[in-house]
Amino acid sequence: MIPNEAKKRLIQVVGAENYDDTKTGRLVYSYDATPQFQSLPDAVIAPRTTQEVAEIAKICNEYRIPIVPRGSGTNLCAGTCPVEGGIVLLFNHMNRILEIDEENLTATVQPGVVTLDLAKAVEEKGLFYPPDPGSMKISTIGGNISENSGGLRGLKYGVTRDYVLGLEVVLANGDVIRTGGKLAKDVAGYDLTRLFVGSEGTLGIVTEATLKLIPMPETKQTMLALYQDLEAAARSVSKIIANKIIPATLEFLDQPTLEVVEDFARIGLPTNVKAVLLIEQDGPKEVVERDMKKMADICRAEQAVSVQLARSEEEAEALRTARRAALSALARLKPTTILEDATVPRSEIAKMVKAINEIAEKYQVKICTFGHAGDGNLHPTCPTDARNREEMEQVERAFEEIFAKAIELGGTITGEHGVGVMKAPYLEWKLGPAGIAAMKAVKQALDPNNIMNPGKVFAKSTRKRVVVTR
Amino acid sequence: MTTKIERALIQKAFQERMDEDELMNCMRCGFCLPSCPTYIESGRQEAQSPRGRIALMKAVVDGLIEPDEEVERALHLCLGCRACEPVCPSGVRYGHLLEEARDIIAQHKKMPLPVRLIRKLVFAGLFPHQERMRKATALLGWYQRSGLRTLARKTGLLRLLPASFRQMERVLPDVPTAKEMKNRPHRFNPDDAVKKRVAFFAGCLMDTMFMVTNDATLRLLQLAGCEVIIPPSQGCCGALHGHGGEKEMAKELAKRNIAAFEQLDVDYIVTNAGGCGAFLLEYEHLLKDDPEWRGRAAAFAAKVKDISEVLVELGFHQRPLRVAPQTVTYQDSCHLRNVMKTAAAPRRLLRAIDGVEFREMKDADRCCGSAGIYNLVEPEMSMQILDYKMEMAKQTKATTIVTANPGCLLQMKLGIERAGLSGSVRAVHIVDLLLEAAEGAQAAQGEERIWQTS
C-alpha cells in the first residue's frame, strides 16, 4: 500500500493523469511475457522527465516503496512483474530519439524508444544498430539495456551491452549520475555503464542512453540448411565456428518448432525435416559470397539434405520474422509455454542438443528446441498446462537437469533472458556463494533500502542442486 | 453504473462462459501491441491493448478483479478490428473472446432507459426487417430530396444533434427511392457464357442506403460470367448484433440466412462488405453449440467469398479497364483483411485499371475508426484514429480513396470533410470504381454503353 501522503506527493510530481491506482490500471501491469507470474502493483506512474524520475525515487526511498521500471513487458524472466507491489514506472512519455550523431556514430535516446524504431531511424542514415531481440518490434531500449537483451545477430555483433556507451541513471536515493559518453576510450573509474546494463532495474533507473552505431553492412545473404539429424545440425554449427567463419546469424529450429512457425507464418518452411539452420552473413559482397559458399559446403559435409539460398530480401525477411515468432508460435500447442535459455560454449552445442533430448525422454515431457545456436544459446521450450500439477513438476525437474548440464559443460543458466524471479533460485549454481555475496554487496551499496525492483536476481532460497549422472 | 449484484452476475457468467483455453492461449508476448490502433493512439496504454484486454477478461474469470466500470470501459474502447489476430503467433482468437465478453456485459447490465429503447429499436425493430430498412431509407430519401435537408442545414436545426451524428448526416449518400429499392429481379444471367453460379448476399444497409453499389456488384458479376441468384428471404447478417452484445439475436439472423442460401446450388456466396462477409464466415463459431445448425453453418461459411476474390478468380483484371488518370489508394476493410484474409485481390484489381496510379498508403491495414457504430459511440477515439488515417492518405496524394465496406466508406467521406479535402478527393467503394473502369474501357472502344444491354 502506498501511504496517502506519499500518493499526494507523487501526484504533485507527475500530475494526476500520470498516476493510476485503479484496479484495472494496476491489473494490466501485473504481468510480463513470463508464464505463471502475476502480482498487482499499488500504482502505475508515467513520469515525463529525468527530474520527475528522481523526485519519484526520493519519495519512494523515504517511504520504502518498491519501484519496478517497465518497458513493454516482453521479458521472459518475470523481471518486470511487481512481486512485492509498489509502483510500476512507465516510459511512455520518455520515448524520443534525442540525437543521431553521424560524426561520432552514436545515438542518444530516452528509455521508452521502441527498438525497431531506433533501428529504422539510424538505417535511414546508413547506420546500423545491431542488437535485435526477438521482440524488437515491441520492446524498448530501456528494457533492452536493463535486461542486456541479445538477439539473432549476437554471434557476430554482440549483444546490447556491446552498444551502450553511456547512461544517465537515477539512483535509489534520487541522485542522477551519468556514466561513460560518446567515447571510444574511457577508463575514468569503475565501468558503471557495464554494471547497470543487465542489472534488471535492481540498481537504478535508466533515463537516457548513448548507444554505439556502426556503418551498415553493404550486402547480406540468407540461407536455410535442412537436416534429418538434429545432432548433425548442431555439429555443423561448431564446425562453422571452428573454420573461423563468424556468420551474422546462425539459428537452429527443430521439427516441432518448424511446424508451429509454419502454421503461423505460412511461408513454405520445410516441416518434413528434423532440423534447420538459418544462416546469414553480411559485409562486402565478395566476403559474403565466399563465406556462404564455405558454410554451405560444411553443412553438406555434415549431411545437410539440402542447402537453399533465399532468392530475395523479402524471402530472407520472411524467414527472420518467422524465426522471431518461434516462441509465441509454440504457444499454439498447449495453454502454458515454459521456455528456457541455457547457454553453453559454442563447441559444446551438439552435446547440449543431445542432452536436452535425453532429458526430455527421461522425464517424459515434450521439449521443442530453437535458438541462437551460433552463440551456444538454446531455447528448449516445453508446451504444457499449468493446471496439470503432476506434469508441471516433471517439467521443472527436466529444466533443472538442463541447467545443471549446461553448467557442467561450462555454460550458464541464462544467456539473454535474465534472472528476474524465474531463475533466481538457480543463480547460485552458476555463481557460487561468494559470487552471490559480491553481487549482494553491490546491491546493498547502491540500494540500501531495497526499493529497486526487489525480489529479482537474488532468491530467498536456492534450489538444491541436482546432480547430473551422465 | 453497475451495481454490486450486476457485477457479481457478470463475473459468474464470465466464469461459466468465457473460453478458458483461449484465454490461456495468450502467452502475453506482446506481439499484438504494435498492430492495435487504440494502444497506439492512447499513447501505449496497456489497458487499451489486446494483451491488456485479455488479461482483464482472464482476471475477471480468475476472480482477481471485479468487472467494474474500468474493465467495461477498456472492453468498449476496443474497435474490434481484429488486427491483433493475424499477427498473433499463438493464434489467439481475440475477436471471439471480445464478442463473448461484450455479450455477457450487455445481457447482465441494466442500461439507462433511453439506451435500452434505442438498442431495442435498432437491433430488434429495424435491422432484422428489410422492408422496414427500406422504409427508413425512403424516409431518409424524402429528407434529402424534399428540401428538408437544405432547410435543416440552413436553419442550424442539426446543431441539436451531437457532433458525431451531425458529421455523419453530411456524408450519407443520396439514397434510392422506395420504388427503386423494391423492383430488383432475383436472378441475373451473365453477358456471355456461364462460368460460375453464385448467390449474392445483399446485406441490409448495402441493399438500401448503398443500393447503387449493390447494383454495380451485380453488374460486375454478370460481366465476369456469373449467373447470380439473390434469394429474397435473406436479411441482415447480424454483425452489428454480434459485436454489440446481442448474440442471441445474431444467431436467429444467422439461421435465417443459412436457410435462405443452403438449398441453392451455387459455387459461391458473394459479399461486397467486409464487415458482413467476415460475420457470415464466422456463423460456424456463432452456432458452435447448436448441433442442428453447426454443420449447416460450416457448409454455408465455406462458400462465402468477397467480390474482389471472385473477380480475380474469373480473370476480371485481365479485361480492359480504364478511368481518367488519377492517383488511387486503398484503405483495407479490417474484417475483410483480418478475418476474410482478403488483401491482395482488391489491390490487384485496382492496379489493373488503365489510368490508375496506385499508391499504397502507410498503415493501410490499420482501422479507420469506423468499426460498425464505434464512430457514433466513441467519437473521440474514432476521430483521433481517422485524423491519423487522413494524414497517411494525404501523403499518397491520392485523389481517390477506395474501400470495400460501407462503414469504412462513410468514415473516409467523413475524413475527407474533416481534412478539408472535399472537392479534390473522393471516396468510393471498389466495385463502383471497377464498374466505372469497365464502362470507361467500353466507351473508349466505341461500344454502346453496357447498361443498355442488361
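As the structure is a prediction and not an experimental result, all values here were calculated from the model.

### Points about the packing of helix 10 (residues 163-171) of chain B against helix 23 (residues 406-418) of chain B
Residue and element names in this part refer to chain B. At a minimum axis separation of 9 Å, helix 10 and helix 23 run at an interaxial angle of 100 degrees. For the element pair helix 10 / helix 23, the angle class is roughly perpendicular. Residues Gln167, Met168, Arg170 and Val171 of helix 10 touch helix 23, and the partners they reach there are Leu410, Lys413, Leu414 and Glu417. Here the residues of the contact of helix 10 with helix 23 sort into four nonpolar, one polar and three charged.

### Quick notes on the domain arrangement of chain A
Residues and elements named next belong to chain A. If you check the domain split of chain A, you get domain 1 (4-90), domain 2 (97-215) and domain 3 (219-408). Between domain 2 and domain 3, the C-alpha centre-to-centre distance is 27 Å. Across the contact, seven residues belong to domain 2 and 14 residues belong to domain 3. Among the residues making up the side of domain 2 that touches domain 3, the classes are represented as two nonpolar, three polar and two charged.

### A word on the domain arrangement of chain B
Residue and element names in this part refer to chain B. Here the domain parsing of chain B yields domain 1 (4-108), domain 2 (113-171), domain 3 (178-311) and domain 4 (318-444). With centres defined by C-alpha atoms, the gap from domain 3 to domain 4 works out at 22 Å. Mapped by element, the contributors of at least two residues to the side of domain 3 that touches domain 4 are helix 12 (211-224), helix 13 (239-243), helix 15 (274-281) and helix 18 (307-313). When residues of the side of domain 3 that touches domain 4 are assigned to their parent elements, the largest contribution, six residues, is made by helix 12. Classifying every residue of the side of domain 3 that touches domain 4 by side-chain character gives 12 nonpolar, eight polar and three charged.

### Some remarks on the interface of chain A and chain B
Each partner contributes residues to the interface: chain A has 28 residues there, and chain B has 27 residues. Taken together, the elements giving at least two residues each to the side of chain A that touches chain B come down to helix 2 (23-27), helix 12 (326-330) and strand 16 (336-339) of chain A. Broken down by element, the side of chain A that touches chain B gets its largest block of residues, four residues, from helix 2 of chain A. Taken together, the residues of the side of chain A that touches chain B break down into 13 nonpolar, 11 polar and four charged.

### Digging into the UniProt feature "domain: FAD-binding PCMH-type" (unreviewed entry) in chain A
The positions UniProt marks with the feature "domain: FAD-binding PCMH-type" (unreviewed entry) are residues 37-216 of chain A. For residues 37-216 of chain A, helix accounts for 22% and strand for 26%, while the C-alpha atoms at its two ends are 39 Å apart.

### Re the sheet that holds strand 1 (residues 19-20) of chain A
All names here are of chain A. Taken in spatial order, the four strands line up as 1-2-4-3 in an open sheet, and their pairing is mixed. The sheet terminates laterally at strand 1 and strand 3 (67-70), the two strands that pair on one side only. Bridge analysis of strand 1 against strand 2 (residues 43-45) gives two bridges, and the strand direction is antiparallel. Pairing of Asp20 across the sheet is with Val44, part of strand 2.

### A word on unusual backbone geometry
Residues and elements named next belong to chain A. Although it is not a glycine, Arg64 sits at a positive phi angle of roughly 60 degrees. Among the secondary structure elements, Arg64 is positioned in the loop between helix 3 (50-63) and strand 3. Even without a glycine there, the phi angle at Ala78 is positive, about 60 degrees. Residue placement: Ala78 occurs in the loop between strand 3 and strand 4 (87-90).

Conventions we followed
- Residues numbered from 1 in each chain as written.
- Chains lettered and ligands numbered in written order.
- Predicted model: local features only at pLDDT ≥ 70, side-chain atom pairs only at ≥ 80, totals over all residues.
- Axes fitted to C-alpha atoms, helices over the stretch in contact; angles between N-to-C directions.
- Helix = DSSP H or I, 4+ residues; strand = E, 2+ residues; numbered from the N terminus.
- Parallel < 35°, antiparallel > 145°, perpendicular 65-115°, else oblique.
- Contact = placed C-beta atoms within 7 Å.
- Nonpolar A, V, L, I, M, F, W, Y, C, P; charged D, E, K, R; others polar.
- Domains from an automatic or database assignment.
- UniProt positions renumbered as here; feature names shortened; annotations may be inferred.
- Pairing = 2+ DSSP bridges.

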